[in-house]
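Spelled out from the first residue to the last, the chains are:
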Amino acid sequence: MGTFLIRRLFMLIPVLLGVLTAVFMLIHLIPGDPVEVMLGEQALTADRAQLRAEMGLDDPLAVQYARFLAGAVTGDLGTSLHSGRPVWRMVAERVPATLGLTVAAMVVAIGVALPLGLVCAVRAGRALDHGAMVAALVGVSMPNFWLGPLLILVFSVNLGWLPLGGAEEPLAFVLPALTLGTAMAAILTRMVRASLLEVMDREFVRTAVAKGLPRWRVMVRHVLANALIPVITVIGLQFGALLAGAIITETIFSWPGLGRLTVEAIQTRDYPLVQGCVLMICLGYLLASLLTDLCYAAADPRVRLR
Amino acid sequence: MRRFPAWFGGAVCAALVLSAALAPWLAPADPAAQHLALRLLPPGAGHLLGTDALGRDILSRVIHGSRVSLYVAVVTVAVSLAIGTLVGSVAGYKGGWVEEGAMRVVDVFLAFPGILLAIALTAVLGPSLHNVILALCIMGWVGYARLVRGQVLLARELAYVESARALGCSGLRVMGRHILPNVFGPVLVEATFAMAGAIVAEAGLSFLGLGTQPPTPSWGSMLAEGRQFILVAPHLTVWPGVAILLTVLGINLLGDALRDRMRGTGTPAGQ
């Protein structure tokens, strides 16, 4: 397992370097003069010169790149153009809220998908299975920027059960977590069902049944243990989709997380902050991918030998 | 009954194409015409789906919105497919450092989760429909490159490809005549799902104010406008969302049916 971890970490280095390069290039993709875009056309020449000097935009590109890489490694991503605070600190302050929301969405998704996928697989071809699969397909197709306002309309405006937004009370988690977790729940339900059906058809399961083992024991010990291995990968990959989806969900529910900070930074053209947010979300995604691979390797020894 | 999902998907896609092509004739009113005296009207006889905050007919805007969605989906998928197929086929066929280099670039793009790269790119390039398409293409080619490379790696070892090479066919001919036509099935399925993805992505970016700009009607920007009036006029939020849901559902069903057909099974989606 140690060798696998080292190999996996080694493979991460070029990807990380690529991500840092892409994030660095963001400011240089701005059409025209980035300083003019950030400060506006009415900005004084002195202010422009000051910002240009502060951001080191007059230096050769290679020097800027080296400085950006060094800063990223030491946690210095510059300062926000609007608040004047260090970008790294602003980003770090918002991480817990996004992480909390993402974990809550995953709990919703896994909590729905595992039992529903199991029931669908056991009762494949029956009315419940067909109904659940139609619901899953609708869930996959429903964009979160529509589901969110609909949930607000029903549960906050009409029924008055849940808050409209914010993160001040535990109940405030419910609607954002449902909004963010629904698509993942739908994808996972289909995945769990398909994976279970595939494993249930294998010979070792027929052997276990022929041996006279109770049905629940066959399902738990033999079917679930094998069927959930590919599901782990999907959960890991979906974690990244949740982090990106949080940008829209947090905007809808005024959730004080990284996603909302990203949108605020875009709206105020605070590009150093945009860079910081994008970098942090990517790092979270890469970390989730790494953890997924490790879980996968722990669950299936064949992965470690590849 | 078994083929109902495929028929439904096909019908929805046909409706989308017809609605986009015939929008000026199908729409009952000019989608940009403002009538402030008729603002926020609920669905009724004069305006079947009601009016928005500027008194514009929602049905007309939904119909015209389909043009934006279809345009983004078709252009994004066509460009991404072309770039991804080129990169994936060259990487898969050549192997060695070409493949290694191409796949490391693919890995970097895959390190950006979901729509994040598109959000970041449209944020720096400026909000516009064409920048949305550019951002979605930059994000979209990666999936095809990986898929085509995998398919080419499998196909290049097959007997008929080796025979073509033994007969002296050039690399370009082997690729164009013998390999690519045989790996196109899975790519077509991927392209179908990618169209649904592009429609949702465009709507999402427009919802954030980074995509289609007013007064051009887009389902995403209509949802964003409707959100401000959700307490007094919820119908503003409902109809563009229904349009997105039905379109994406239809395309996904068609994709599922295509995939099942490629596998040679008539098994309905998800089974």
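Fair warning: this is a prediction, and the values are worked out from it, not measured in the lab. (Residues numbered from 1 in each chain as written. Chains lettered and ligands numbered in written order. Predicted model: local features only at pLDDT ≥ 70, side-chain atom pairs only at ≥ 80, totals over all residues. Heavy atoms only, no water.)

Further remarks concern the overall build of chain B. Of the regular secondary structure elements, chain B holds 10 helices and 0 strands. When the elements of chain B are put in sequence order from the N terminus, they spell out α-α-α-α-α-α-α-α-α-α. Counting only C-alpha atoms, chain B reaches 75 × 50 × 30 Å along its principal axes. Within chain B, the fraction of its 271 residues that count as buried is 49%. (Helix = DSSP H or I, 4+ residues; strand = E, 2+ residues; numbered from the N terminus. Buried < 20%, exposed > 50% of the residue type's maximum accessible area, 1.4 Å probe, protein only.)

So, about a nonpolar patch on the surface. Together, Leu18(B), Leu22(B), Trp25(B) and Leu26(B) give the surface a local cluster of nonpolar side chains, amounting to about 460 Å² of exposed area. Within the secondary structure layout, Leu18(B) lies in helix H1 (residues 4–21). (Patch = residues over 30% accessible without salt bridge, like charges linked within 9 Å, V, L, I, M, F, W, Y side chains within 5 Å. Areas by Shrake-Rupley, 256 points an atom, 1.4 Å probe, with all protein chains shown as cover. Salt bridge = Lys/Arg side-chain N within 4 Å of Asp/Glu carboxyl O.)

Quick look at the packing of helix H7 (residues 144–158) of chain A against helix H10 (residues 235–263) of chain B now. With their axes 10 Å apart at the nearest point, H7(A) and H10(B) run at an angle of 140° to one another. Two packed elements cross with a definite hand, and for H7(A) against H10(B) that hand is left-handed. Contacts from Phe145(A), Trp146(A), Pro149(A) and Leu150(A) of H7(A) reach H10(B) at Thr237(B), Val238(B), Gly241(B), Val242(B), Ile244(B) and Leu245(B). (Axes fitted to C-alpha atoms, helices over the stretch in contact; angles between N-to-C directions. Left-handed = near helix turned anticlockwise from the far one by under 90°. Contact = heavy atoms within 4.5 Å.)

As a further point, take the nonpolar core. Judged by nonpolar contacts, the single largest core of 125 residues is most densely connected at Val19(A) and Val278(A). For this core, the element with the highest residue contribution is helix H10 (residues 215–252) of chain A, accounting for 15 residues. Other than its neighbours up to four places away in sequence, Val278(A) contacts Val23(A), Leu26(A), Phe112(B), Leu116(B) and Ala120(B). With 16 residues, the next largest nonpolar core counts Val77(B), Val161(B), Ala164(B) and Val183(B) among its residues. (Core = buried A, V, L, I, M, F, W, Y, C linked by side-chain atoms within 4.5 Å.)

Attention now moves to helix H11 (residues 258–267) of chain A. Judged by how many residues are buried, H11(A) sits mostly within the fold: 7 of 10 residues are covered. Looking at the buried side of H11(A), the elements it contacts are helix H5 (87–122), H10 and helix H12 (271–299) of chain A together with helix H5 (116–125) of chain B. Phi turns positive one or two residues past the end of H11(A), at Arg269(A), with a value near 55°.

At the junction of the two partners, chain B supplies 40 residues and chain A supplies 40 residues. For the chain B face of the interface with chain A, the top three residues by lost area are Leu116(B), Val124(B) and Leu245(B), together amounting to 15%. If you look at where chain B meets chain A, you find 1 salt bridge. A salt bridge links Asp256(B) to Arg190(A), with the shortest nitrogen-to-oxygen separation between them at 3.4 Å. The interface formed by chain B and chain A contains 5 residue pairs in polar contact (both at pLDDT 80 or more). Listing elements by their share of the side of chain B that touches chain A, those giving two or more residues are helix H4 (96–110), H5, helix H8 (171–207), helix H9 (219–227) and H10 of chain B. If you tally residues by element for the side of chain B that touches chain A, the top one is H10(B), at 12 residues. When the residues that make up the side of chain B that touches chain A are grouped by side-chain class, the tally is 29 nonpolar, 7 polar and 4 charged. (Buried area = accessible area lost by both parts, 1.4 Å probe. Polar contact = N/O pair within 3.5 Å; in protein donor to acceptor, adjacent residues only side chain to side chain. Nonpolar A, V, L, I, M, F, W, Y, C, P; charged D, E, K, R; others polar.)

Before going further, it helps to spend a moment on the pattern of salt bridges. Applying the stated criterion to the full structure yields 16 salt bridges over all chains. Its salt-bridge partner being Arg67(A), residue Asp59(A) comes within 2.8 Å of it at the nearest N-O pair. Taken together, the salt bridges that share partners define one network made up of Asp52(B), Arg56(B), Arg61(B) and Glu225(B).

What follows covers the packing of aromatic side chains. All names here are of chain A. Applying the stated rule across the entire model yields 7 aromatic pairs over all chains. Taking 6.1 Å as the distance between ring centres and 40° as the angle between the ring planes, the aromatic pair formed by phenylalanine 155 and tryptophan 161 counts as tilted. For tryptophan 161, a relative accessible area of 56% corresponds to the exposed category. The structure contains a cluster of three or more aromatic residues connected by ring pairs, namely Phe24, Tyr65 and Phe68. (Phe/Tyr/Trp six-rings, centres within 6.5 Å; stacked < 30°, edge-to-face > 60°.)

Residues and elements named next belong to chain A. Secondary-structure assignment places valine 87 in helix H5. In this structure valine 87 comes out as buried when scored by relative accessible area, which is 0%. On a C-alpha basis, the gap between valine 87 and leucine 77 in space is 5.8 Å, while along the polypeptide they are 10 residues apart. Ignoring sequence-local partners within four residues, the contact set of valine 87 consists of Leu77, Gly78, Thr79, Ser80, Pro272, Leu273 and Gly276.

Residue and element names in this part refer to chain B. Close contact between helix H7 (residues 159–166) and H8 brings their axes to 10 Å; oriented N to C, the two are set at 175°. Judged on the interaxial angle alone, H8 and H7 are roughly antiparallel. In this structure, H7 contributes Tyr160, Val161, Ala164 and Arg165 to the contact, and H8 contributes Val174, His178, Ile179 and Asn182. Each residue belonging to the contact of H7 with H8 can be placed in one class, and the counts come to 5 nonpolar, 2 polar and 1 charged. (Parallel < 35°, antiparallel > 145°, perpendicular 65-115°, else oblique.)

Attention now moves to the state of the cysteines. Scanning all chains against the criterion turns up 0 disulfides over all chains. Cysteine Cys282(A) shares no disulfide, and the gap to the nearest cysteine sulfur, in Cys277(A), comes to 11 Å. (Disulfide = S-S within 2.5 Å.)

Quick look at the side chain of Thr179(A) now. Residue and element names in this part refer to chain A. Here threonine 179 is to be found in helix H8 (residues 174–200). For threonine 179, a relative accessible area of 2% translates into the label buried. Reaching out from threonine 179, the side chain makes a polar contact with the backbone oxygen of leucine 175 at a distance of 2.8 Å. Excluding residues that lie within four positions of it along the chain, threonine 179 makes contacts with Asn144, Leu147, Gly148, Leu151, Thr249 and Phe253.

Turning our eyes to something else, we now look at unusual backbone geometry. In the segment running from Pro214(B) into Pro215(B), the intervening peptide bond is cis, with an omega of 10°. Within the chain, Arg269(A) stands out as a residue other than glycine whose phi angle is a positive 55°. Relative to the helices and strands, Arg269(A) resides in the loop between H11 and H12. Taking relative accessible area as the criterion, Arg269(A) reaches 43% and is therefore assigned partly exposed. Within the chain, Leu40(B) stands out as a residue other than glycine whose phi angle is a positive 55°. When you line up the elements, Leu40(B) lands in the loop between helix H2 (23–26) and helix H3 (58–94).

Looking now at the confidence of the model for chain B. All names here are of chain B. The share of residues in chain B with pLDDT of 70 or more is 96%, and the mean pLDDT across the chain is 89. The low-confidence segment residues 266–271, where pLDDT is below 50, has 11 contacts with residues more than four positions distant or belonging to other chains. Both scores are available for the predicted complex, with the pTM at 0.90 and the ipTM at 0.87. (pLDDT = per-residue confidence, 0-100.)

Before going further, it helps to examine H10(A). Residues and elements named next belong to chain A. Between its first and last C-alpha, H10 extends only 45 Å over 38 residues, short of the 56 Å set by a 1.5 Å rise per residue. A maximum bend of about 45° is found in H10 at leucine 224. Positioned one or two residues after H10, serine 254 has a phi angle of 50°, which is positive. (Expected span 1.5 Å × (residues − 1). Bend = angle between axes of the 7 residues up to and from the residue.)

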